[in-house]
Amino acid sequence: MSVSKELSPIVEGIHLLSKTVKPVLGPMGGIVLVDNPDTIVDKNTFYRTKDGAKIIDWITLPDKRNLGVRFVKELSQKLKEEVGDGTTTLTIVISKLLEESQKYVVAGYEKQFIIQEIQEVGEEVLKNLKEISVEVTSFEDIFKVAYCASKSREFANLIATAYEYKGVSSRIVIEEVKPTYTEIEHISGMQLDRGYVSNIFVNQENDQCVLTDPLVLVTDYPIETWDSLVTVTDRIKDRESLLIISPRFNDNVIGSLSIIMGRTKKKFCAIRNPGSYLLDNLTEYRLSEYSEDIATYVGANFISKLLGRTLEKIKREDFGSVSKAMIKKHSTVLLNGNGGIAKVSERIRLIEAQTKYLTNSFDRERAKQRISQMNNNIVTIKVGGYSDQEVLQNKRLIEDGIAAVRAGIDNGILPGGGLAFIYALNMYNDKKRVGFNILRKALEEPFSSLVSRYEDFVSISKRLENFNNSDLSYNILTDKVGNFRDVEVIDTAEVCQKILQYSISLISNLILSEYIVSTQGNNTREKK
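Residues numbered from 1 in each chain as written. Predicted model: local features only at pLDDT ≥ 70, side-chain atom pairs only at ≥ 80, totals over all residues. Heavy atoms only, no water.

Undergrad: Any chance you could explain the overall build of the protein here in plain terms?
TA: If you tally the helices and strands in the protein, you get 17 helices and 17 strands. By the burial criterion, 52% of the 528 residues in the protein qualify as buried. (Helix = DSSP H or I, 4+ residues; strand = E, 2+ residues; numbered from the N terminus. Buried < 20%, exposed > 50% of the residue type's maximum accessible area, 1.4 Å probe, protein only.)

Shown next, in the form of structure tokens:
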């Protein structure tokens, strides 16, 4: 018994995707030519890339195999967004894990038993990965993590310098500029942990909404009907932008804003107040504190029911403003707020004074976060280049480096190149289990694929002392074996953990599925 006939095209699509991206794995990986991807300016040329994430993103098959591509693509995009790296390795592990699982299905093992084995062994391997991870302890570590992710010493130096300048809690923002060089600039900024409420506001190719010189409305009134926003939108002139911050938005209101954007040159974006997800546990007064922080920074009058202000009576001077608002799905960065240093400093001193009287640990932690948000820990890396394509490529590499550093600071680092998986497997005791043998084949595949092009896997294994020392790694560029920090072959613990978790999750669903209902058919046209 093997995979059902209906699922065979999905399996083929996953294997084809892995076969396509495997050649770009590692620092000596090859180049893949992509014909006419949507993101390049010149549609008559091929795009040359070693970026597995972009290759995966651009591949669309004209038949049912595309379902397999889509499954991996969704996980790849999620991994890229969260940790900035590991998409090629994820694809290779998924494909090999599926292949090895199918062997046991064909041999007559029950599917449920196979999945249970994989999941149980996977949990232990996950614990082992956490156990052998080490902390990022220096700015030299930050440089090396950024270098391994971005493949550029220049960009890694910029990232490390940015963190060294304002500390590891700082927020780094990337901005495209016309000059050909790339530089760092410290600016006033505020980061919020909420993103846009709908992707209809997205106006950039990287799923981001960017508003230049927008007005900012801060209110604790839920926007439930269009009537409550009529006066607000009337105060906005043509070609102006408005960022609306409110606890809740009705879908019909979002639709109306979309219509206005389509009919005029006005731009809008809507986000929920930080803390609004805690409405069931917070008083309105507590919620207003988060909102007043923002209002102070942007120089707005807080439109609050507690203060007796209403949206229907809003005036032009009630809006705040920033030089730029960059809104993603889960976060927002406001730059150069109009509130002024004196008022922001006064607000910080007020929060610090209130913190002394807080007895609840949760309230104290939130107060510290509010102070951090207002302390302007924002560094901008201005990315330049000789062409739009070069700027785009440089920006992506720096984004990868920053995401990897953030993940490393939060959860630690491990030997790179797939070796961390092998070390974690070697710590497992019962090596005769079905789940162990399946995972071993899958998790050894990235390192095996990497070195098999240049060296024999067994000979490298011997040089690494049979993988007994979990600090060792192998640099294929220099042919050196040593401490993974010294030879600069580093993965973040988070990327390894997520690769393992995402792979097992997808395979569990696929192996146990008998049918998949989809509109994707043999006559489906390739996505333009």
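Undergrad: Before we go on, may I ask you to explain the nonpolar core in this structure?
TA: Soluble, globular proteins show a tendency: their nonpolar side chains are buried together. By size, the foremost hydrophobic cluster in this structure holds 69 residues, and its most contacted members are Ile94, Leu97, Leu129, Leu439, Leu443 and Leu500. With eleven residues, helix α17 (residues 493–512) is the largest single contributor of residues to this core. With residues up to four places along the chain from it excluded, the contact list for Leu129 reads Leu414, Ala420, Phe421, Ala424, Cys496, Gln497 and Leu500. Counting residues in each nonpolar core, the second largest holds 47 residues, with Leu242, Phe268, Tyr297 and Phe302 among its members. (Core = buried A, V, L, I, M, F, W, Y, C linked by side-chain atoms within 4.5 Å. Contact = heavy atoms within 4.5 Å.)

Undergrad: Could you clarify how one ought to interpret α17 in this entry?
TA: Because the α-helix completes a turn every 3.6 residues, residues three or four places apart line up on one side. End to end, α17 covers 29 Å across 20 residues, agreeing with the expected 28 Å (1.5 Å per residue, within 8%). Counting buried positions over the 20 residues of α17 gives 16, a clear majority of the element. (Expected span 1.5 Å × (residues − 1).)

Undergrad: Is there a simple way to explain the state of the cysteines in this structure?
TA: The full count for this structure, using the stated rule, is zero disulfides. Free of any disulfide, Cys209 has its nearest cysteine sulfur in Cys269, 3.9 Å distant. (Disulfide = S-S within 2.5 Å.)

Undergrad: Hey, could you run me through unusual backbone geometry in this one?
TA: Comment: phi is negative for the bulk of residues other than glycine, and the bulk of peptide bonds are trans. Residues other than glycine seldom take positive phi values, yet Asp479 does so here, at roughly 60°. In this fold, Asp479 is placed in the loop between β15 (472–475) and β16 (480–483). On the basis of relative accessibility, which here comes to 33%, the residue Asp479 falls in the partly exposed class. Its identity as a non-glycine residue notwithstanding, Glu488 has a phi of 60°, on the positive side. By the secondary structure assignment, Glu488 is in the loop between β16 and β17 (490–492).

Undergrad: Explain the packing of helix α1 (residues 8–21) against helix α3 (residues 65–83) here, please?
TA: Between two packed helices, what matters for the description is the angle formed by their axes and the separation of those axes. One can describe the packing of α1 onto α3 by two numbers: an axis separation of 6 Å at closest approach and a directional angle of 55°. Put simply, α1 runs oblique to α3. With respect to the hand of their crossing, α1 and α3 are arranged in right-handed fashion. Contacts between α1 and α3 involve Pro9, Ile10, Glu12, Gly13, Ile14, Leu16 and Leu17 from the first element and Arg65, Leu67, Gly68, Val69, Phe71 and Val72 from the second. (Axes fitted to C-alpha atoms, helices over the stretch in contact; angles between N-to-C directions. Parallel < 35°, antiparallel > 145°, perpendicular 65-115°, else oblique. Left-handed = near helix turned anticlockwise from the far one by under 90°.)

Undergrad: What should I look at first to understand the sheet that holds strand β6 (residues 209–212) in this one?
TA: Sheets are built from strands that pair by backbone hydrogen bonding, the pairs being arranged parallel or antiparallel. Overall, antiparallel pairing links the four strands, which are arranged β5-β12-β11-β6 in an open sheet. The outermost strands of the open sheet, each flanked by one partner alone, are β5 (189–192) and β6. In this sheet, neighbouring strand axes are inclined to one another by 10° on average, regardless of whether the strands run parallel or antiparallel. (Pairing = 2+ DSSP bridges.)

Undergrad: When you look at the packing of helix α6 (residues 139–150) against helix α13 (residues 388–411) in this model, what are you seeing that I'm missing?
TA: At a minimum axis distance of 8 Å, the contact between α6 and α13 shows a crossing angle of 135°. Between α6 and α13, the crossing angle belongs to the class labelled oblique. Here α6 and α13 pass one another in a crossing that is right-handed. Only Leu397, Asp400, Gly401, Ala404, Val405 and Ile409 of α13 make contact with α6, whose side of the interface consists of Ile142, Val145, Ala146, Ala149 and Ser150.

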